[in-house]
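# Understanding the architecture of this molecule
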Number of protein chains: 2
Amino acid sequence: METIPRRQCKRTHEYDTYPYEHEEVSMVAITIKDVAALAGVSVATASRVLSGSPATSPEARANVVAAAAQLDYRPNAQARALRSTHTESIGLLVSDVRNPFFADLAHTVEQAALAAGYVTLLGNANERKEQQDRYLDTLISRRVDGIVVSPLGDGSGSIRSLIQRKIPTVFVDRTVDGVDVPSVTTDSETGIRQAVEHLAAAGHTRIGYISGPQSISTGRDRFAAFTRAVAEFGLSQDPELVYFGDFQAASGSAGVHALLELRQPPTALLAADSPMAVGAIAILHRRGLRIGRDVALIAFDDIEWFALLDPALSVISHSVEEMGRIAVKMLLEVIGGGTPESVVLPSELIIRGSSSAPVSPTPLSPEFV
Amino acid sequence: METIPRRQCKRTHEYDTYPYEHEEVSMVAITIKDVAALAGVSVATASRVLSGSPATSPEARANVVAAAAQLDYRPNAQARALRSTHTESIGLLVSDVRNPFFADLAHTVEQAALAAGYVTLLGNANERKEQQDRYLDTLISRRVDGIVVSPLGDGSGSIRSLIQRKIPTVFVDRTVDGVDVPSVTTDSETGIRQAVEHLAAAGHTRIGYISGPQSISTGRDRFAAFTRAVAEFGLSQDPELVYFGDFQAASGSAGVHALLELRQPPTALLAADSPMAVGAIAILHRRGLRIGRDVALIAFDDIEWFALLDPALSVISHSVEEMGRIAVKMLLEVIGGGTPESVVLPSELIIRGSSSAPVSPTPLSPEFV
DNA sequence: CGTTTCCATGGAAACGATTCCACGAAGACA
DNA sequence: TGTCTTCGTGGAATCGTTTCCATGGAAACG
């Protein structure tokens, strides 16, 4: 007995031992083994044909392809990824799907990835660090080939794991201080400077700024740009004119409330992203203030329907399409072993009705009425 | 030589043969084997601890947990799913992420799934059958535990594979004729009937309808409801008053153009979804028509910022949150082996400024000017 | 015609986890 | 004290694929 090799006891898995009962047949998933059997070739050959290896005879190819089609065979992505270490998929983690900017970004990234043969797994951090970490963990576990992320928080948590594991990563829209990862971002400076200049030219001296959180790079950048511009054009630098929101609609509403309660309220408002602008508009309406006449309003982010408002909303515009496209291109470079340079896209003021009227004669300040 | 068993040549994979060079150490992924080795237990025990099996000693548990933490171990989801046939993940395939309705749906589905311990892989069919099929294939390949889909097209292609493989599936917002799958949909009838009644009461007799495509269930349902309502209230059933769009913004614009070119143009418009309403509004603005005065407008789908327009847009509202929540609940039931009943959610007219003025005296019809 | 090269093919190892099974130690019971 | 459970543990099979290696026949070369 001792001379019989161990593998003797390995249970055979021939077809006749399969639990083929009379019903529920369709429940047992069909594998490459079934395809090979039907095609009359070995699994190895079947695999070669299905993954397009050149070392196959036309005959085998035809048989296998026919068998696969007949059985409606779908390769098990898990098994495939387990053996060959790439999954032909990327992760996209946005900070808030309901923000139209990120919805558009999701759309362009996905289309660009699809064109390159990758599928996109989309995660939504919902502007919350725990959820970001949770999704990042899942994406790591699923061994995506790379990740495009608009990060929040600092370089701790799963972002750190990402870097340590050298998982191909590209930051989009936002960056994380001290983390050296290629990124596609927007140069807020130009657009914000143009906006402030434009408002100053219309006679505004007190501009209220509804800022994003300082824990997010775009929040910091835009606030810094605003601060610089206000100083440059000699406008009021009253710190009360700045309200710190969280990039979500409710905080835009709260910001308007707070700013309008000031003893010397602003005559113009600048919102650092579109959801906060939406929140701001809602409250301005409710308070009976006419945008573009009683108060000027400009928003960062160009959302399609902002132009449909009456008056149409002036915006600081930057290209989502380009951002998404470039992010995918860069990620593919990183996956390919390259180290692409970070890209900074331009921003630009688009003047519409909401900011075009000159400053009205002290409309908001009760003490001058 | 011949007596040496084959397995002799099996390469050993002891640790000392690992390609540990002085650098790039972090590139080699850490597996459960590493964790087990560091903890001084077998892989089997490590696995048991990590997947929370009760049959483990406190001592082993402590060691393994510590080792896993120290190595920052992340289980390989592929391998895990290969063995145990569930992946703790669901797929969500929406027809268009840029449609705020579906963005919101994505958000609620994702949050509901997360709460139940599932991650959501989101796909975007972009209202195109090929892309829907492509994503469905990927989701099948990745062996998600279930799929929530707002389907388009008929029951052919990958939808069929889904059913045949008995992959837990729930339709959301839309259904597919002849395919027996639990669904969460909206009862368009009530809301549309209310809208038509409301317009009729204001004196409108010719209502232009910008319809969704008849290849999509909601397109058909809403059109049928409109047809019935128009007949019921004795309004014009002129077929020219119906424009068939594709649920995307551009076709809303085209619809308005077409309807306003009629010899007898409508005095009120009803758009079957929000992107088409946006396209419609853009063209109405461009043509200098005042919504709510020169022409009434009502849209299906309640989008947050529709209330911010001036005049605010009357809408037929239905609850996305509930739809998403119920879809996930139903999917979990199907995964658990149940067969939940389909759910139909109510819709309801919300009257705002865009439809409140009485019909203006022949404002649009050139022949009466 | 004999030797070498080429190439399609099949067998089996490998990927990283889970889980069945057997085993030995310890506690319970008579 | 001896047998019977109970329980933690490790070895090994297993999931479905890719890929290395050996093989054998055909083609090409001298």
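Residues numbered from 1 in each chain as written. Chains lettered and ligands numbered in written order. Predicted model: local features only at pLDDT ≥ 70, side-chain atom pairs only at ≥ 80, totals over all residues. Heavy atoms only, no water.

## Notes on the overall build of chain A
The helix and strand tally for chain A stands at 12 helices and 12 strands. Counting over 369 residues, chain A shows a buried share of 52%. In chain A, the proportion of contacts linking residues at least 24 apart, taken out of those at least 6 apart, comes to 69%. Counting only carbon and sulfur atoms, one obtains 53% of the accessible surface of chain A, whose full area is about 16,600 Å². (Helix = DSSP H or I, 4+ residues; strand = E, 2+ residues; numbered from the N terminus. Buried < 20%, exposed > 50% of the residue type's maximum accessible area, 1.4 Å probe, protein only. Contact = heavy atoms within 4.5 Å. Areas by Shrake-Rupley, 256 points an atom, 1.4 Å probe, with all protein chains shown as cover.)

## What about the protein's contact with DNA strand D?
Around DNA strand D sit 27 residues in total, of which I32(A), S47(A), Y73(A), R83(A) and T45(B) are the nearest. Expressed as a percentage, the sugar and phosphate content of the atoms of DNA strand D within 4 Å of the protein is 66%. At a separation of 2.6 Å, a phosphate oxygen of DNA strand D approaches a polar side-chain atom of S47(A). Take S57(B): an N or O atom from its side chain is 2.8 Å from a phosphate oxygen of DNA strand D. Ranked by residue count, the leading element in the surface near DNA strand D is helix α4 (residues 77-83) of chain A, at 4 residues. (Near = heavy atom within 4 Å. Polar contact = N/O pair within 3.5 Å; in protein donor to acceptor, adjacent residues only side chain to side chain.)

## A word on the protein's contact with DNA strand C
Not every one of the 29 residues close to DNA strand C is listed here, only the nearest: T45(A), T31(B), I32(B), S47(B) and R83(B). The sugar-phosphate backbone supplies 69% of the atoms of DNA strand C found within 4 Å of the protein. Contact between DNA strand C and S42(A): a phosphate oxygen at 2.8 Å from a main-chain N or O atom of the residue. One of the side-chain nitrogen or oxygen atoms of T45(A) is found 2.6 Å away from a phosphate oxygen of DNA strand C. Mapped by element, the contributors of at least two residues to the surface near DNA strand C are α2 (43-50) and α4 of chain A together with α2 (43-50) and α4 (77-83) of chain B. A total of 4 residues in the surface near DNA strand C trace back to one element, the largest contributor, which is α4(B). Residues that form the surface near DNA strand C fall into these classes: 11 nonpolar, 9 polar and 9 charged. (Nonpolar A, V, L, I, M, F, W, Y, C, P; charged D, E, K, R; others polar.)

## Side note on the relation of the copies chain B and chain A
Rotating chain B by 180° about the axis while translating it 0.1 Å along that axis superimposes it on chain A, leaving an RMSD of 0.1 Å. Viewed as a symmetry operation, the transformation between the two copies matches a two-fold axis. Relative to the rotation axis, the closest C-alpha in chain B is found at Q78(B), a distance of 2.2 Å. A high fraction, 98%, of the interface residues of chain B reappear at the interface in chain A, so the copies pair face to face through one surface. (Least-squares fit on C-alpha atoms with pLDDT ≥ 70 in both.)

## Some words on the packing of α2(A) against helix α3 (residues 58-71) of chain A
Residue and element names in this part refer to chain A. Where α2 contacts α3, the two axes come as close as 9 Å, and the packing angle between them is 85°. Classified by the angle their axes make, α2 and α3 are roughly perpendicular. From α2, T45, A46, V49 and L50 reach across to α3, where they touch A60, R61, V64, V65 and A68. Grouping the constituent residues of the contact of α2 with α3 by class yields 7 nonpolar, 1 polar and 1 charged. (Axes fitted to C-alpha atoms, helices over the stretch in contact; angles between N-to-C directions. Parallel < 35°, antiparallel > 145°, perpendicular 65-115°, else oblique.)

## Remarks on helix α8 (residues 188-201) of chain A
Residue and element names in this part refer to chain A. A rise of 1.5 Å per residue sets the reference length of α8, with its 14 residues, at 20 Å; its end C-alpha atoms lie 20 Å apart and thus fit the reference within 8%. Those residues of α8 that sit buried are S188, G191, I192, A195, V196, H198 and L199. The buried residues of α8 occupy an angular sector of 160° when projected down its axis, which confines them to one face. Where α8 terminates, the next one or two residues include G203, which has phi positive at roughly 100°. (Expected span 1.5 Å × (residues − 1). Arc of directions from axis to C-beta.)

## Some words on the interface of chain B and chain A
Taken together, the contacts link 56 residues of chain B with 55 residues of chain A. Of the roughly 5,600 Å² buried where chain B meets chain A, counting both sides, 52% is carbon and sulfur surface. In this structure, the connection of chain B to chain A is made through 4 salt bridges. Note that D137(A) and R74(B) form a salt bridge whose closest N and O atoms lie 2.4 Å from each other. One can count 27 residue pairs in polar contact (both at pLDDT 80 or more) joining chain B with chain A. Taken together, the elements giving at least two residues each to the side of chain B that touches chain A come down to α4, α5 (100-115), β2 (119-124), α6 (129-141), α7 (158-164) and α11 (274-286) of chain B. With 7 residues, α6(B) is the single largest residue contributor to the side of chain B that touches chain A. (Buried area = accessible area lost by both parts, 1.4 Å probe. Salt bridge = Lys/Arg side-chain N within 4 Å of Asp/Glu carboxyl O.)

## Thoughts on the pattern of salt bridges
All names here are of chain A. Using the criterion set out here, one finds 34 salt bridges over all chains in the structure. For R193, the salt bridge goes to E197, with nearest N and O atoms at 3.9 Å. Here E197 and R193 lie together in helix α8, a separation of 4 residues that amounts to about one turn. For E197, a relative accessible area of 36% corresponds to the partly exposed category.

In short, shape yes, function no, at least from these values alone.
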